Amino acid sequence: MTNILIFARLTVLESARRKVLWALVGLAALIIGLSFWGFARLPAVHVFGTQLGAANSNLATAQLLGFVLFALSFVGALGMSFVAAPTIGGELESGVALSLLARPVRRSEVLLGKWLGLVVLAVAYVVIVGGAEIAAAETGTGYLVPNPVTAVALLAAQSVVLLSLALLLSSLLSPMAAGVVAVGLFGTAWVAGLVGDVGQSLHDSSVAEVGTIDHLLLPTDGLWNGVMNALDQTNLMSSFSDRLVGNPFFQTSGLTITYLAWSAAWLVAVVAATHLRFSRVEP
Amino acid sequence: MVRARVGPAPSKGGCAPRPIGAAAARDAIWCSRLSKSYGQRAALRSVSLRISPGEVVGLLGPNGAGKTTLVKMLVGLVRPDSGEALVLGAPLGLPEARREMGYLPELFRYQPWLNVVEVLELHARLRRVARADRPGEVRRALALAGLADRGPDRVANLSKGLQQRLGLAVALLGHPRLLLLDEPTSALDPTGRADVRSLIDQCRAEGTTVLLNSHMLSEVERSCDRVIVLDKGRVLADGPLGAWLDHDVLRVRLEGEAAHFVPYLAGFGEVSAHGQELTVPSLAMSLVPEVVAALVGAGARVVSVEPGQVSLEEKLLELLARSDEADA
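Residues numbered from 1 in each chain as written. Chains lettered and ligands numbered in written order. Predicted model: local features only at pLDDT ≥ 70, side-chain atom pairs only at ≥ 80, totals over all residues.

**Section: helix H2 (residues 20-41) of chain A**
Along an α-helix, a turn takes 3.6 residues, which lines up residues three or four apart on a common side. Residue and element names in this part refer to chain A. End to end, H2 covers 32 Å across 22 residues, agreeing with the expected 32 Å (1.5 Å per residue, within 8%). Considered for burial, the residues of H2 that qualify are Leu24, Ala28, Ile31, Ile32, Ser35 and Phe39. Buried residues in H2, looked at end-on, bunch into an arc of 105°, giving them a common side. Structural note: H2 exposes Trp22, Gly26, Ala29, Leu30, Gly33, Trp37 and Arg41 on the side pointing more than 90 degrees away from its buried face. Elements that come into contact with the buried residues of H2 comprise helix H3 (54-94) and helix H5 (107-141). (Helix = DSSP H or I, 4+ residues; strand = E, 2+ residues; numbered from the N terminus. Expected span 1.5 Å × (residues − 1). Buried ≥ 20, exposed ≤ 12 C-beta atoms within 10 Å, placed from the backbone. Arc of directions from axis to C-beta. Contact = placed C-beta atoms within 7 Å.)

See the structure below:
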């Protein structure tokens, strides 16, 4: 356990020293600042000379919050992918791993330590930035997010899924390729999820299955749907849901326990595959 | 497929189990028939060797001979395809085998975003140096490697030579019982090389076992008790350095290529030629005028004649040449 914590601390320290953390925080602060300014102006917006009513204001806020959180999660995804991608491959390629692996440590301890460090970074980023964004929306508009804790927890889970994928890729590919592929898969999963939502709105089961398969293969978009569901007011959705089916920023149904269990199993399988690969690498 | 046995488990296949003896467990390094291939290319072929505690052993051989693969295998970075080994009494590849080992890799790279002291503290923690002893141990390693005033410097700002010194400091942390040095002076200046020789002498005095993989033959000649020569993944020679070098020779320097005159000295033993120099082995001083006369008679212009001893380089080249001839 001590060795795991040593490598976790080392991973967090590296991110701080390489200014990755500060870059993420800076970008997030910019997005939060701009969105707070926008949220604060929303209640005063007039459409065709008429001020937005409470229902329309809430709808606009929920939709904007979804967009902004998506932007933040995308920044986080990019950041975590590029932090996680060189974690194994980079150290093997540069030779830094040689002296570390020559110590009385198990490779599983090195891997779990690095994974834990990345998880700490991702969760801290999501909790601080996601929490600040939700607070900005609530303060600026008075709109109360129904399940803020669930939203932030699922957003964190999405980041953990992505960084675990990036870590697996890091054990298979060069650092640059691992980062590019991780971000590419994240984007592809999101697009495939959209296609599935469109299929649902058109009642085309074969197109809708694209989304289902996508959510099983890479749970990032599935978890994102859970985030969106947690952001929407139930009564708001009941009045608008017919028109919002197929909109990726509104979800009328929450995630099932089965899907959350699948996501957890997916995570364990990816970390186990990374360990299997890393334990066979000969630097 | 042949599976590597990395521990002392008994062998399978009808034969009675062959337990690894207590003597092997007492050796600093004990290897039996280690083999490793990368695709079609064999990096190590059935390498067996023993190194006793306190020995300082040089590992020599041409590029691609398998030296670094063997060292990495002993560290547990590379798995053997077959064979078995114990390092400090522990099966190869287990953390226990690395507990009291110091290793300077050929490719010495450390976290560029840490400073020198932080790198050493990290390795001291991984080496399980007690918390109270860490500051003193880090200071000792810094002083041994000649980095006493470089503690706060970022690794990224160190020259290549200083990074190699940092690698030495990392390897020396915690008084290892076994030190594996892979090309430890490749980036060092003459002062640094002299420092490494002193370090090895100090390790010898403290009873530390040292395996020195180096192309710097003068270093091996000065520092090692014993030499193991690898070629094409096989152990070509293994013996005490003194026995190899304790041979008188006569060196004759000529104008022009010396190889042409080797046949004219056929009666004086196994004469070898390197560039403009002929080396005549184990020759009585009374025969020196006859050697010179034979050469002059053959048309050679003799520049100098001096008695000496066979050098490690000559011995190594001779061994490798014989190996090539045997393979051919």
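**Focus on the packing of H3 of chain A against helix H9 (residues 220-231) of chain A**
Residues and elements named next belong to chain A. Where H3 contacts H9, the two axes come as close as 10 Å, and the packing angle between them is 150°. Relative to H9, the element H3 is oriented roughly antiparallel. H3 and H9 meet at a crossing whose hand is right-handed. Where H3 abuts H9, its residues Ala62, Leu65, Gly66 and Leu69 lie against Val227, Met228 and Leu231. Residue composition of the contact of H3 with H9, by class: 6 nonpolar, 1 polar and no charged. (Axes fitted to C-alpha atoms, helices over the stretch in contact; angles between N-to-C directions. Parallel < 35°, antiparallel > 145°, perpendicular 65-115°, else oblique. Left-handed = near helix turned anticlockwise from the far one by under 90°. Nonpolar A, V, L, I, M, F, W, Y, C, P; charged D, E, K, R; others polar.)

**What to know about the interface of chain B and chain A**
Contact residues are listed per partner, giving 22 residues for chain B and 19 residues for chain A. Those elements that provide at least two residues to the side of chain B that touches chain A are helix H3 (95-98) and helix H4 (116-126) of chain B. Here the side of chain B that touches chain A takes 4 residues from H4 of chain B, the largest share from any one element. Considered class by class, the residues forming the side of chain B that touches chain A number 12 nonpolar, 2 polar and 8 charged.

**Overview of the nonpolar core**
One finds Ala166 of chain A together with Val87 and Ala169 of chain B to be the most contacted residues of the largest nonpolar core, which totals 150 residues. Top contributing element to this core by residue count: helix H6 (residues 148-172) of chain A, with 15 residues. Residues lining this core come from more than one domain, with at least three contributed by each of domain 1 (1-100 + 177-246) and domain 2 (110-171) of chain B. Counting 12 residues, the second largest nonpolar core, distinct from the first, contains Val252, Phe261, Val280 and Ala300 of chain B. (Core = buried A, V, L, I, M, F, W, Y, C linked by C-beta atoms within 7 Å. Domains from an automatic or database assignment.)

**A word on the confidence of the model for chain A**
A residue-level look at chain A finds 93% of positions with pLDDT of 70 or above and a mean pLDDT of 87. Of all helices and strands in chain A, the one with the weakest mean pLDDT is helix H10 (residues 234-244) of chain A (57), whereas helix H11 (residues 257-280) of chain A scores best (96). (pLDDT = per-residue confidence, 0-100.)

**A short note on the environment of valine 119 of chain B**
Residue and element names in this part refer to chain B. Assignment of secondary structure puts valine 119 in helix H4. Its 22 C-beta neighbours within 10 Å are what place valine 119 among the buried residues. Once the C-alpha coordinates of valine 119 and asparagine 213 are considered, the two residues, 94 residues apart in sequence, prove to be 24 Å apart. Excluding residues within four positions of it along the chain, valine 119 makes contact with Tyr110, Gln111, Leu114, Val155, Leu166 and Val170.

**What about unusual backbone geometry?**
With a phi angle near 70°, lysine 19 of chain A is a residue other than glycine that sits in the positive phi range. Summarising the element assignment, lysine 19 of chain A is placed in the loop between helix H1 (2-17) and H2. With a phi angle near 65°, arginine 128 of chain B is a residue other than glycine that sits in the positive phi range. Following the sequence through the fold, arginine 128 of chain B ends up in the loop between H4 and helix H5 (134-144).

**So, the sheet that holds strand E5 (residues 90-91) of chain B**
All names here are of chain B. Ordered by their spatial adjacency, 4 strands build an open sheet running E2-E1-E4-E5, and the pairing between neighbours is antiparallel. Lying at the two open borders of the sheet, with one neighbouring strand each, are strand E2 (41-51) and E5. The pairing of strand E1 (residues 29-38) with strand E4 (residues 82-87) spans 5 bridges and is antiparallel. Each bridged residue has a counterpart across the sheet, and for tryptophan 30 the counterpart in E4 is leucine 86. (Pairing = 2+ DSSP bridges.)

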